[in-house]
Amino acid sequence: MRVLMIAPPGAGKGTQGARIAAHFGVPHLATGDLLRRHVARGTSLGRTVQDYLDRGSLVPDRVMQDLVRRALADATAAGGGYVLDGYPRTPAQAWAAYQIATSLGATAEVALHLRVDDDEVVRRLLSRAGIEHRSDDTEPVIRRRLALYHEVTEPILDWYDRRGILLSVDGMPSPDQVTADVIAALGTRRGQCVSRPGPVPELLAAA
Ligand code: ADP
């Protein structure tokens, strides 16, 4: 199973992504986790991206492209499936993801969108802030991440919808309920998915 996850911050991408990946026996590639691991290890990439993470800004496309290309190449070598969580987040990234995946013969079968409303997202992230101490879980940075989501990420959903691979699931219920709903919905998609090449999205031309 090859899945892209697209959802606002706090929607449960991390939790659901890990569970879905385990269910299908494929790697969970979470770009935020990969970046935070570089920061924690103090690599040169980590030093480059730390400020972006702290401010809730998007890491530059070129950095993300290299990171995702490597992660997808490893996943492809290991068997082909993946749950890519946190990428793409912009029209340009959507196109880059498509090109990278095409070159590896592993385009996504499903773009999984978790729908959670803004108030709930802010509530979840603020309650997580007390537990995980992520540098970007403060209210102003949460608002910025959310604004970026609405501005540059949400528009790509339409492209996946037109390609016929969008699966939109309500992310408001309990984590276990969402997992069950997602797995049931993915099960019905299995074998039916066609990785139809999409046209270059008009939104990209405007980006
Ligand atoms: P969330 O979805 O809750 O904001 P993530 O862990 O997915 O959390 O991402 C955390 C941060 O990592 C983002 O705010 C951004 O700085 C960086 N990041 C992750 N994925 C991308 C991406 N595709 N493009 C640019 N920056 C990214």
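Predicted model only: the values in this text are computed from it and were never measured.

Another point: the nonpolar core. L35, Y82, L84 and Y160 are the most contacted members of the largest nonpolar core, which totals 35 residues. Every element with two or more residues in this core is listed here: β1 (2–6), α3 (44–55), α4 (61–77), β3 (82–85), α5 (91–103) and α8 (155–163). Residues V3, L167, V169 and L186 belong to the second largest nonpolar core, which totals 25 residues.

Once that is clear, we can look at helix α6 (residues 118–132). Over its 15 residues, α6 extends 20 Å from the first C-alpha to the last, a length consistent with the 21 Å expected when each residue adds 1.5 Å. When we look at burial in α6, the residues that qualify are E120, V121, V122, R124, L125 and A129. Considering only its buried residues, α6 is in contact with α7 (139–153).

What follows deals with the pattern of salt bridges. Tallied over the full model, the rule gives 11 salt bridges. Between R124 and E120 there is a salt bridge, with its nearest N and O atoms 2.8 Å apart. Taken together, the residues span about one helical turn, with R124 and E120 both in helix α6 at a distance of 4 residues. For the pair R124 and E120, one class covers both residues: buried. Between R128 and D137 there is a salt bridge, and its shortest N-O distance comes to 2.8 Å. Judged by its relative accessible area of 22%, R128 falls in the partly exposed class. Here the salt bridges share partners, and the residues they tie into one network are R128, R134, D136, D137 and R145.

The rules we used
- Residues numbered from 1 in each chain as written.
- Predicted model: local features only at pLDDT ≥ 70, side-chain atom pairs only at ≥ 80, totals over all residues.
- Heavy atoms only, no water.
- Core = buried A, V, L, I, M, F, W, Y, C linked by side-chain atoms within 4.5 Å.
- Buried < 20%, exposed > 50% of the residue type's maximum accessible area, 1.4 Å probe, protein only.
- Helix = DSSP H or I, 4+ residues; strand = E, 2+ residues; numbered from the N terminus.
- Expected span 1.5 Å × (residues − 1).
- Contact = heavy atoms within 4.5 Å.
- Salt bridge = Lys/Arg side-chain N within 4 Å of Asp/Glu carboxyl O.

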